[in-house]
Amino acid sequence: MIGLDVGGANLKVASEDGYEIIHFPIWKRLNELGNLLEKIRDRYDSESACVVMTAEISDVFERKVEGVVRISREVERVFREVYYLDVNGEVRDRVDDPKRFMATNWIASCKFLLEEGYRNFVFVDVGSTTTDVIPVGDYVAGKTDLERLMDYELIYMGVLRTPTFHLTDLNVSTEFFSITADVFRVTGDIGEEEYNCETPDGRGKSYRECLNRIARLFCSDLEELDEEFLINFAKSVRNRFLDVLKFAILRQKLKGFNTVLGCGMGEFLIREAVRDLKMEYVSIEERFGFSKVFPAYATLMICKRFLGR
């Protein structure tokens, strides 16, 4: 049995033996989803899948309901046995009401942590595209992306795919010249192998190529702007990201939460934010592993327990 987190840009797979992140921009490759799932099934020798999804928000679908139906249809065509987690954290063997299965990956993470005995905490997951800041306790988190956006429980920024201009107040170009993966390569927080999405210009992911993409924000290149200026700009973008993250976590601290459980590609930022806010921190990577695909792993474990396997 495997856990699947079907996202708009990445498909994440978890088994008890390991995991992988497959860059799969569904808005470009929707018709290839079934073939990819077949390869995953064969690679893991699994006929059973436990599924959560967020890809239904992709604009390849006219409506989110359409996205849930299409994704579930593809999964059920490939796997003999399929289970889903709904927005209430219940395990289901079919999608009876598509609206109950939208954006459920964070539900899996929080439910699994509750099953592990954690109480009254803030779950923070900084991924490639989005950041979740979920209160788990007496305060009830929003159930839809819209509700969570309104309360800073969902922040549309991540360590790879966010356009860099989104995180600066400077008068820069708003063309799609650079993304946060370029920034975090330049600041040394991620390596080239972790830059696992497409680059805006289709070129490589070396330090110098990342610098050049950042320079384009200033309608310039590496002949016109020096390296020190671009490094300092990258650091300022990093600090802006950290400030937004701290603001969102602080909102939960003011509600009485003092413990943060963190995971994701950007866990290094969560550690800094929690330290600055003087809160208790539990690293999901250190406690469970699977930090970068934690919702897929959590879904797998929830289903196995539910089925008694």
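About the thresholds
Residues numbered from 1 in each chain as written. Predicted model: local features only at pLDDT ≥ 70, side-chain atom pairs only at ≥ 80, totals over all residues. Heavy atoms only, no water. Patch = residues over 30% accessible without salt bridge, like charges linked within 9 Å, V, L, I, M, F, W, Y side chains within 5 Å. Areas by Shrake-Rupley, 256 points an atom, 1.4 Å probe, with all protein chains shown as cover. Salt bridge = Lys/Arg side-chain N within 4 Å of Asp/Glu carboxyl O. Helix = DSSP H or I, 4+ residues; strand = E, 2+ residues; numbered from the N terminus. Buried < 20%, exposed > 50% of the residue type's maximum accessible area, 1.4 Å probe, protein only. Pairing = 2+ DSSP bridges. Contact = heavy atoms within 4.5 Å. Axes fitted to C-alpha atoms, helices over the stretch in contact; angles between N-to-C directions. Core = buried A, V, L, I, M, F, W, Y, C linked by side-chain atoms within 4.5 Å. Expected span 1.5 Å × (residues − 1). Phe/Tyr/Trp six-rings, centres within 6.5 Å; stacked < 30°, edge-to-face > 60°.

**Q** Explanation requested: a nonpolar patch on the surface in the structure shown.
**A** Where nonpolar side chains cluster on the molecular surface, the patch consists of Ile57, Leu149 and Tyr156 and spans about 270 Å² of accessible area. Residue position: tyrosine 156 is located in the loop between β9 (154-155) and α6 (180-186). The exposure class assigned to tyrosine 156 is partly exposed, which follows from its relative accessible area of 41%.

**Q** How should I be thinking about the pairing of strand β2 (residues 10-15) in this particular structure?
**A** Successive residues of a regular strand alternate their side chains across the two faces of the sheet. Of all six residues in β2, six are buried; the element is thus mostly enclosed. Across four bridges, the pairing between strand β1 (residues 2-6) and β2 is antiparallel. Looking across to β2, one finds that valine 6 is bridged to leucine 11. When β2 meets strand β3 (residues 18-23), the two strands line up antiparallel, connected through six bridges. Considered in β3, the bridge of valine 13 is made with glutamate 20. Hairpin geometry of β2 and β3 is characterised by an intervening segment of two residues between the two adjacent antiparallel strands.

**Q** Honestly, the sheet that holds strand β5 (residues 81-85) in this entry has me stumped. Any pointers?
**A** Hydrogen bonding along the main chain pairs the strands of a sheet, whether they run parallel or antiparallel. Strand order in the open sheet formed by six strands is β3-β2-β1-β4-β5-β6, and the pairing between neighbours is mixed. The open sheet has two free edges, formed respectively by β3 and β6 (91-92), since each of these has just one partner strand. Its contacts with the sheet put helix α3 (residues 64-78) on β1, β4 (48-53) and β5, and the angle it makes with β5 is roughly 150°. Across the sheet, helix α4 (residues 105-115) touches β1, β4 and β5, and the angle it forms with β4 is around 110°.

**Q** Is there a simple way to think about the nonpolar core in this case?
**A** Taken as a class, soluble globular proteins show a tendency for nonpolar side chains to be buried jointly. Core analysis: the largest hydrophobic core is formed by 43 residues, its most contacted members being Val124, Val133, Val159, Phe241, Leu245, Ile249 and Val260. Listed by contribution, the elements that provide at least two residues to this core are β7 (121-126), α6, α7 (207-216), α8 (227-253) and α9 (267-277). Per-element tally for this core: the top contributor is α8, with ten residues. In contact with isoleucine 249, not counting residues within four places along its chain, are Val124, Val133, Val260, Ala273, Leu277 and Met279. By size, the runner-up hydrophobic cluster in this structure holds 33 residues, among which are Ala108, Phe112, Ile284 and Val293.

**Q** Hey, could you run me through α4 in this one?
**A** What sets the pattern is the α-helix's 3.6 residues per turn: residues three or four places apart point alike. When you tally the buried positions in α4, you get eight out of eleven residues, the bulk of the element. The set of residues buried in α4 consists of Asn105, Trp106, Ile107, Ala108, Ser109, Cys110, Phe112 and Leu113.

**Q** Hey, could you run me through unusual backbone geometry in this one?
**A** For asparagine 120, which is not glycine, the phi dihedral falls at a positive 50°. By the secondary structure assignment, asparagine 120 is in the loop between α4 and β7.

**Q** Would you explain helix α11 (residues 294-307) in this entry?
**A** An ideal rise of 1.5 Å per residue puts 20 Å on 14 residues; α11 measures up with 20 Å between its terminal C-alpha atoms. A large share of α11 lies buried, amounting to eleven of its 14 residues. Just downstream of α11 lies glycine 308, where phi reads positive at about 70°.

**Q** Quick question: what am I supposed to make of the packing of aromatic side chains here?
**A** Any aromatic ring pair is given by two values, namely how distant the centres are and how the planes are angled relative to each other. Scanning the entire structure with this criterion turns up 15 aromatic pairs. Look at phenylalanine 184 and phenylalanine 268: their rings are 5.7 Å apart centre to centre, the planes differ by 75°, and that puts the pair in the edge-to-face class. Here phenylalanine 184 is found in helix α6, whereas its partner phenylalanine 268 is found in helix α9, with 84 residues between them in sequence. Using a relative accessible area of 1% as the deciding quantity, one classes phenylalanine 184 as buried. Joined through ring pairs, the aromatic side chains of Tyr19, Phe112, Phe123, Phe288, Phe290, Phe294 and Tyr297 make up one cluster.

**Q** Looking at this model, I keep getting lost on the pattern of salt bridges. Mind explaining?
**A** Any two side chains of opposite charge can pair if their charged atoms end up close together. The full count for this structure, using the stated rule, is 32 salt bridges. Measuring nitrogen to oxygen at the nearest pair gives 3.1 Å for the salt bridge that ties arginine 43 to glutamate 20. Here the residue arginine 43 occupies a position in helix α2 (residues 33-44), and glutamate 20 occupies one in strand β3, the gap between them amounting to 23 residues. Among the residues examined, arginine 43 registers a relative accessible area of 48% and is labelled partly exposed. A salt bridge links lysine 292 to glutamate 194; the shortest N-O distance between them is 3.5 Å. Of this pair, lysine 292 sits in the loop between α10 (284-287) and α11 while glutamate 194 sits in the loop between α6 and α7, and the two are 98 residues apart along the sequence. Overall, lysine 292 belongs to the partly exposed group, its relative accessible area being 28%. The exposure class assigned to glutamate 194 is partly exposed, which follows from its relative accessible area of 22%.

**Q** I would appreciate a short explanation of the sheet that holds β9 in the present structure.
**A** One open sheet accounts for five strands, arranged β9-β8-β7-β10-β11; its pairing is mixed. Two strands lie at the open edges of the sheet, namely β9 and β11 (280-283), each paired on one side alone. Note that β7 and strand β10 (residues 259-263) share four bridges and pair parallel. Bridge pairing in β10 places valine 124 opposite glycine 262.

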